[in-house]
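Descriptive structure summary
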Amino acid sequence: MLTPLGRLDKYAASENIFNRQMVARSLLDTLKEVSDDERDCIAVLERISRLADDSEPTVRAELMEQVPHIAMFCQENRPSIPYAFSKYLLPIVVRYLADQNNQVRKTSQAALLVLLEQELIERYDVETKVCPVLIDLTAPDSNDDVKTEAVAIMCKMASMVGKDITERLVLPRFCEMCCDCRMFHVRKVCAANFGDICSVVGQQATEEMLLPRFFQLCSDNVWGVRKACAECFMAVSCATSQEVRRTKLSTLFINLISDPSRWVRQAAFQSLGPFISTFANPSSSGQYFKEEDGKSPEDCGSAQEKSEQVRTTEDVTTEEEHNRTEDLSSHVDNDDFATKLENAMEDQNTVSNNSQRESDFQTESSFHCTLSSESCGEMADEDKRSSHCCTAGLREAGLNSQETSLSEQELYNSFHFWRTPLPEIDIDFELQQTSEIILDREIQELTMPVSPNIPMATRKELEEMIENLEPHIDDPDVKAQVEVLSAALRASSLDPQEETMASIGKETDSQTELTINEQQNFKPILGDIVPLIGDTENMDSTLHYIHNDSDLSTNSSFSPEEERKSKVQDVVPQALLDQYLSMTDPSRAQTVDTEIAKHCAYSLPGVALTLGRQNWHCLKDTYETLASDMQWKVRRTLAFSIHELAVILGDQLTAGDLVPVFNGFLKDLDEVRIGVLKHLHDFLKLLHLDKRREYLYQLQEFLVTDNSRNWRFRAELAEQLILLLDLYSARDIYDYLRPIAFSLCADKVSSVRWISYKLVSEMVKKLYMASTSTFVIDLMNELVEKFCRCRKWSGRQTFVFICQTISEDDCLPMDQFAVHLLPHLLHLASDRVPNVRVLLAKTLKQTLLEKEYFLNSANSHQEAVEQTIMALQMDDDSDVKYFASIHPASTKIADDAMSTASSTY
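Predicted, not measured: the structure shown is a model, and the values here were computed from it. (Residues numbered from 1 in each chain as written. Predicted model: local features only at pLDDT ≥ 70, side-chain atom pairs only at ≥ 80, totals over all residues. Heavy atoms only, no water.)

**Some details on the overall build of the chain**
As a reminder, the rule being used: Strands are runs of DSSP state E lasting at least 2 residues, helices are runs of H or I lasting at least 4, and numbering of each runs from the N terminus. Buried, partly exposed and exposed residues are distinguished by accessible area as a fraction of the type maximum, computed with a 1.4 Å probe on protein chains only: under 20%, between the cut-offs, and over 50%, respectively. Should any heavy atoms of two residues lie within 4.5 Å, those residues are considered in contact. For the area figures, the Shrake-Rupley method with a 1.4 Å probe applies, and any residue is considered shielded solely by the protein chains shown.
Of the regular secondary structure elements, the chain holds 49 helices and five strands. Within the span of the chain, comprising 905 residues, buried residues form 51% of the whole. Restricting the contact set of the chain to residue pairs at least 6 apart, pairs at least 24 apart contribute 74%. Taken as a whole, the chain presents about 43,500 Å² of accessible surface, with 50% of it coming from carbon and sulfur.

**Quick word on helix 4 (residues 38–51)**
The condition that has to hold: Multiplying one less than the number of residues by 1.5 Å gives the expected span of a helix.
For helix 4, which comprises 14 residues, the first-to-last C-alpha distance of 20 Å matches the rise-based estimate of 20 Å (1.5 Å per residue) to within 8%. Turning to helix 4, its buried residues number three or more, namely Cys-41, Ala-43, Val-44, Leu-45, Arg-47, Ile-48 and Leu-51. For helix 4, the secondary structure elements touched by its buried residues are helix 1 (4–12), helix 2 (17–25), helix 3 (27–33), helix 5 (57–76) and helix 6 (84–96).

**Side note on the nonpolar core**
It is characteristic of soluble globular proteins that their nonpolar side chains tend to be buried jointly. Test applied: Buried Ala, Val, Leu, Ile, Met, Phe, Trp, Tyr and Cys residues that are joined via side-chain atoms within 4.5 Å together make up what is termed a nonpolar core.
Phe-194, Tyr-580, Phe-799, Phe-817 and Leu-825 are the most contacted members of the largest nonpolar core, which totals 168 residues. Ranked by residue count, the leading element in this core is helix 39 (residues 730–745), at nine residues. When near neighbours in sequence (up to four residues on either side) are disregarded, Phe-194 contacts Phe-174, Cys-178, Leu-210, Arg-213, Phe-214, Leu-217, Cys-232 and Val-236. Listed in part, the 55 residues of the second largest apolar core include Ile-48, Tyr-96, Ile-121 and Val-170.

**Focus: the packing of aromatic side chains**
Basically, it comes down to this: Planes of paired rings set the category: under 30 degrees apart is stacked, over 60 is edge-to-face and the rest tilted, where pairs are Phe, Tyr or Trp rings (Trp by its six-membered ring) whose centres lie within 6.5 Å. Here, over-ring charges are defined by two tests on the NZ atom of lysine or the CZ atom of arginine: distance to the ring centre within 6 Å, and angle to the ring normal within 35 degrees.
Per the stated rule, a full pass over the model turns up 18 aromatic pairs. Between Phe-662 and Tyr-695, the aromatic rings sit 5.4 Å apart at their centres with planes inclined by 80 degrees, giving edge-to-face as the arrangement. Placement of Phe-662 in helix 34 (residues 651–666) and of Tyr-695 in the loop between helix 37 (689–693) and helix 38 (711–724) is noted, with a sequence separation of 33 residues between them. Side by side, Phe-662 and Tyr-695 carry an identical accessibility label, which is buried. A centroid spacing of 5.0 Å and a plane angle of 75 degrees characterise the contact between Tyr-882 and Phe-883, whose relative ring orientation is edge-to-face. Accessibility expressed as a relative area gives 46% for Tyr-882, which makes it partly exposed. In this structure an aromatic cluster arises from ring pairing among Phe-174, Phe-194, Phe-214, Phe-233, Phe-253, Phe-275 and Phe-279. Sitting above the plane of the Phe-883 ring, Lys-842 keeps its charged end 4.6 Å from the centroid.

**Some words on the confidence of the model for the chain**
Keep this limit in mind: pLDDT is a per-residue confidence score from the predictor, ranging from 0 to 100.
Considering every residue of the chain, the mean pLDDT works out to 74; 67% of them sit at 70 or more. Low pLDDT (under 50) marks residues 287–431, which in the prediction has 198 contacts with non-local residues, meaning those over four places away or in another chain. Below pLDDT 50 for its whole length, residues 494–558 participates in 90 contacts with residues either more than four positions away or in separate chains.

**Quick look at a negative patch on the surface**
Worth spelling out the cut-off: Exposure above 30% relative accessible area and the absence of a salt bridge qualify a residue for a patch, where like charges join within 9 Å and nonpolar side chains (Val, Leu, Ile, Met, Phe, Trp, Tyr) within 5 Å. Salt bridges are identified by distance alone: a Lys or Arg side-chain nitrogen within 4 Å of an Asp or Glu carboxyl oxygen. Note that His is not counted, nor are the chain ends; the positive residues are Lys and Arg, and the negative ones are Asp and Glu. Taken as the charge location is NZ of Lys, CZ of Arg, CG of Asp or CD of Glu.
Taken together, the side chains of Glu-463, Glu-464, Glu-467 and Glu-470 define an acidic patch exposed on the protein surface. Examined against the element boundaries, Glu-467 turns out to sit in helix 24 (residues 453–469). Judged by its relative accessible area of 59%, Glu-467 falls in the exposed class.

**Things to note about the pattern of salt bridges**
A side chain with one charge can pair with a side chain of the opposite charge if their charged atoms come near. Inspection of every chain in the model, using the stated rule, returns 34 salt bridges. The residue Glu-149 makes a salt bridge to Lys-106 at a minimum N-O spacing of 3.6 Å. Taken together, the residues span a long stretch of sequence, with Glu-149 in helix 9 (residues 144–161) and Lys-106 in helix 7 (residues 102–117) at a distance of 43 residues. For Glu-149, a relative accessible area of 11% corresponds to the buried category. Between Arg-168 and Asp-164 there is a salt bridge, and its shortest N-O distance comes to 3.1 Å. On the criterion of helical spacing, the pair formed by Arg-168 and Asp-164 is a turn pair, its members being four residues apart in helix 10 (residues 163–178). Classification of Asp-164 by relative accessible area gives partly exposed; the value is 38%. Among the charged side chains, a network of salt bridges with common partners joins Arg-123, Glu-127, Asp-164 and Arg-168.

Given below as structure tokens:
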């Protein structure tokens, strides 16, 4: 008879390929057989090295599949065969990475990753044997396929070998591969794994070495490379600083969103929400302004500098608006626009960082926030900046190109440094004076072009610009530009006499009469000034707007500029947020992705957390649009995350904005309802008690489903009702939850019934612990009446199951159980259905008699139980006899109960 080594030698030398494959498969078994002899183990490993030179690719591939298992065996038996893996197996794995056969290469790559993941390769071997080979395979003169695969292996192993080896050995070659001009496949692999490399090497190496390469990849001429960059953008952003993220990566991402390729835009929009979430930090995601007791001299001294910074930002915003208009008329290059956007973001970052130093956010509701003096000043500055932006947009659109200097009062405005308590000044007079100054300046600008030639030329240019933009009206950005230019065109065609009369009317009467177009332009300015005072007694003299001698309410509609301004924040770059909000635009579904709204809904909680509840107004309209989307998948996504959003927003915003959406989901399709049902407890616990009680009336509706076979829906309802017991009083539980629980206990599906038994037992426990004991007594009496005396045997069996669960979980003291439930339970010993008596025998023998109440105290209840068991031992049915006679430890009640339950499905 051949020895294991002899058998190995015989078949390894066979000319039959199948025999050599069998040798490769049996190597591990052979090694185990000779593991006691070190020399035989070494001999087997040497034969593996010879088998690795086989000319047949299938044999080599089969051998490589066994290498991880053999390496594991060598590791476990390291004392007897030291350095076996490093000397005999690792060289084979590394050599096969450059094999000519594709199957062999793929197998060796998979084996190498498994070995690294299991930490079977020594660190020294990684540096001296693995990495040098991979670097050689990625050389410029290497085979194209081998180079691509080697780059992929380098990227995947980076997280396994650690930062030190990756930064010293892998990173330089990776940077070279990112600039491979000959093969886009290599660049695509680098782009796809860019985020993994960044997360390993850390922030400094990412910003110094990798980011320049990433910028090149994002502007690659192959759309597949740019798409891969968009997909890994979040991972790259996580490895950079907040400043780099805001000033550089934001601009880069805007370019990807506006990429000519639809596939790149699609990937970019999918990554937009995750990218925005990387801007989250404790100061921006909080909701409470920290109240400061006093203002230091340094703060007072720096207040003027803050005002200067705000004015700088105003100029930047004005310049950006001007650039956007010029881009439409003269087709400015995209790179120039990106540069200007980057500069604007840098200045906004300066103001944002300054405001973060002044106000510390906590985690309370934003409705009761207490503003410090600095914070109030910032709000006033933001209001003035928004109105200035609106004014600048009109000027640069063609109304007037002349810059108006700021008045002395605006250079030093008391509102910039407003704080409580206010000094005793005439508030109404100051408000009226400020309003008149702004209105005077705007009306003068509208009436300045006196020469008829200038307005005609301006109108002609505007008409041409609008005509050129008409074919692209589907784009939301272009549509917004058309609206601005149209308003400018209508304003430029005003009759000068009308403007003059309007100006005279303003000086003689406090009620200024303007046209509808002027209403839209001036409304944001007036709307920003009034709320700062908080005095509503003198607001009856607000400006009226007249068109064709008919009064219109100022609240009839919001202008597009005011709607845009209401979504301004400083946590993330505004351009990113605007793009995210546009994902609900119907045109996006046609030009980008049909499921773009679903991606928007999926990442909305992360975006909301990043912005913080104080900026919820920016997302509110988008959320309501998604909640009413025609696609049920979009609504389902929101339904599964509404409880998380409620935690982010707090109880007051939840009650005002999320509860109506939640109510709509309750009446939606089952695919949507299951989302709110799975987290029903998580959402309701965030509501106030009075609002929470309103849903008691709607819980019954969950019993009705579109498909009666959807039993998992009812099972989930039972699970949630168990959790809801802690949220409601004993009376509410008895009046509203009890009927639902009884209905679920009679369900057709055993899995639903099993959870319902747990629900009823927990209900008994909750009611017993309540201050009034009448509810629990009434509940147990109804259990007896509804189930124990049920005409159907399944109902009587349900009663036994409930009693068993109450006893096992100690939901009721045994003396109370013995008084209210035990007599009725023992009465079922004479039931005519054997299934009921079988379950009764199990419950008495394996549950009740194990309780201390029946073991250590002699009482009438114990005697009654023992007599009933003796009677069951004499039963005519063999199964009843068996379960009434066996010892409790000889079987598991759960298994036996499930077997009984399955028989009554």
